[in-house]
Amino acid sequence: MILSTQIITDSSADLPKELIEKLKITIVPLCVHFGEERMPSDLSAKEFYTRMKASKNLPTTASPSPHTFLQTFIEASKVHDHIVVMCLSSNISSTYQNALVAKELFEEQGLPGKVEVIDTRSFSLGLGLQVVKAATHALAGITMHDLMDKVRDNVKEITAYFTLENLENVIKGGRLDRIRGTVASVLNIKLLLKISETGTVDVIEKVRGTQNALNRLIDKIGEKHHDFEKAIVGICHSSCEERALDVKRRILAKYPFKEVILSDMGPVIGSYAGEGGIGVAY
């Protein structure tokens, strides 16, 4: 008998809607607020950035509650034997911990189905790329044991870099030291950021100007030994599609990736990235 597996992730994964539907991925949304107002879970990236530009205060985010996860697990268990939950890094969000609490509640109720919760130690398309690979394997019907081996391998193998046009959001959001960030902004210094092995954000390089930062972002891809012809690259942007399309063109001219995922940074990651950010995961 073939056992079915449902892949669940959170809305920080920044995956395009059509890919989510194609791979039958379930998304548990993080909450995004402007002041006391909670945004609808289906808020589009375009609507979000328009709202953020007009707002005096930065948006805030909150993890899905254990109850929200539990209800999602219960629904999935009605038609699936296994549930794999892939969460953004536990070092920047309580989402993973809340999913673990929900798993315990699920098991205490004696409900059918087995739940596995993974700390992907990543976010945005670093997480999204892991989810795509897992969902593809799940739809192919591989065993749970083999699937989990592949999931754990991808946590270690997928690399993600970012560069931001504006550091205001990431400073105010507490993801970057204020003094260092302010000096960089004044001098037009752009930071090349990497999602570290522990799922935090590391400053890798400091370069002057946006184009130099994008050049280094693209160069970094070549430092990883990669079978590009069999690989997927993810490119995401925060309200700068033309810039992202140019980065896509330049990447493919240099590295023959088999497939490209191009997407918006949604409200969760966009709350910290601000407008003009570019991220690459592979």
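A few points on the structure. (Residues numbered from 1 in each chain as written. Predicted model: local features only at pLDDT ≥ 70, side-chain atom pairs only at ≥ 80, totals over all residues. Heavy atoms only, no water.)

**Description of the pattern of salt bridges**
Opposite charge on two side chains permits them to pair, given that their charged atoms come into close proximity. Counted according to the given criterion, the structure contains 14 salt bridges. Residues Arg 51 and Glu 37 are paired through a salt bridge, measuring 2.7 Å at the closest nitrogen-oxygen approach. Here the residue Arg 51 occupies a position in helix H2 (residues 45-54), and Glu 37 occupies one in strand S4 (residues 37-38), the gap between them amounting to 14 residues. For Lys 53, the salt bridge goes to Glu 275, with nearest N and O atoms at 3.9 Å. With a gap of 222 residues between them, Lys 53 in helix H2 and Glu 275 in the loop between helix H11 (267-273) and strand S13 (278-281) connect regions that are remote in the sequence. Within this structure, Glu 205, Arg 216, Asp 219, Lys 220, Glu 223 and Lys 254 form a network of salt bridges that share partners. (Salt bridge = Lys/Arg side-chain N within 4 Å of Asp/Glu carboxyl O. Helix = DSSP H or I, 4+ residues; strand = E, 2+ residues; numbered from the N terminus.)

**Side note on the packing of aromatic side chains**
Per the stated rule, a full pass over the model turns up 7 aromatic pairs. Ring geometry for Phe 228 and Phe 257: centres 5.0 Å apart, planes at 75°, overall edge-to-face. Linking Phe 228 in the loop between helix H9 (210-221) and strand S11 (232-237) with Phe 257 in the loop between helix H10 (241-254) and strand S12 (259-264), this pair joins segments that are 29 residues apart in sequence. Judged by its relative accessible area of 13%, Phe 228 is buried. (Phe/Tyr/Trp six-rings, centres within 6.5 Å; stacked < 30°, edge-to-face > 60°. Buried < 20%, exposed > 50% of the residue type's maximum accessible area, 1.4 Å probe, protein only.)

**Description of the sheet that holds strand S3 (residues 31-34)**
Sheet architecture is open: 3 strands sit in the order S4-S3-S5, paired in antiparallel fashion. Pairing within the sheet leaves two strands with one partner each, and these edge strands are S4 and strand S5 (60-62). Sheet topology note: the S3/S5 ladder contains 3 bridges and is antiparallel. Note on S5: the bridge partner recorded for Cys 31 is Ala 62. (Pairing = 2+ DSSP bridges.)

**Brief notes about the sheet that holds strand S1 (residues 5-10)**
Read from one edge of the open sheet, 4 strands run S2-S1-S6-S7, paired in parallel fashion. A strand with exactly one partner marks an edge of an open sheet, and here the two such strands are strand S2 (26-28) and strand S7 (114-119). Sheet twist, expressed as the average angle between the axes of neighbouring strands with direction ignored, equals 25°. Pairing analysis gives 5 bridges linking S1 to strand S6 (residues 82-87), with the strands arranged parallel. For Ile 8, the partnering residue across the bridge sits in S6 and is Val 85. Packing against the sheet, helix H5 (residues 124-140) makes contact with S1 and S6, and its axis sits at approximately 170° to S1. (Axes fitted to C-alpha atoms, helices over the stretch in contact; angles between N-to-C directions. Contact = heavy atoms within 4.5 Å.)

**Some points on the state of the cysteines**
A complete count under the given rule lists 0 disulfides for this structure. The structure places no disulfide on Cys 87, whose sulfur is separated from the nearest cysteine sulfur, that of Cys 31, by 14 Å. On the basis of relative accessibility, which here comes to 1%, the residue Cys 87 falls in the buried class. Free of any disulfide, Cys 240 has its nearest neighbouring cysteine sulfur in Cys 236, separated by 9.2 Å. Residue Cys 240 is classed as buried on the basis of its relative accessible area of 11%. (Disulfide = S-S within 2.5 Å.)

**Brief notes about the packing of helix H3 (residues 66-77) against helix H4 (residues 95-108)**
Two quantities define a packed helix pair, namely the angle between the helix axes and the distance between the axes. Axis separation between H3 and H4 bottoms out at 8 Å; the angle between their running directions is 55°. It follows that H3 is oblique to H4 by the angle criterion. Once H3 is placed against H4, the crossing between them reads as right-handed. Two secondary-structure elements touch here, H3 through Pro 66, Phe 69, Leu 70, Phe 73, Ile 74 and Ser 77 and H4 through Thr 95, Asn 98, Ala 99, Val 101, Ala 102, Lys 103, Leu 105 and Phe 106. The residue inventory of the contact of H3 with H4, partitioned by class, reads 10 nonpolar, 3 polar and 1 charged. (Parallel < 35°, antiparallel > 145°, perpendicular 65-115°, else oblique. Left-handed = near helix turned anticlockwise from the far one by under 90°. Nonpolar A, V, L, I, M, F, W, Y, C, P; charged D, E, K, R; others polar.)

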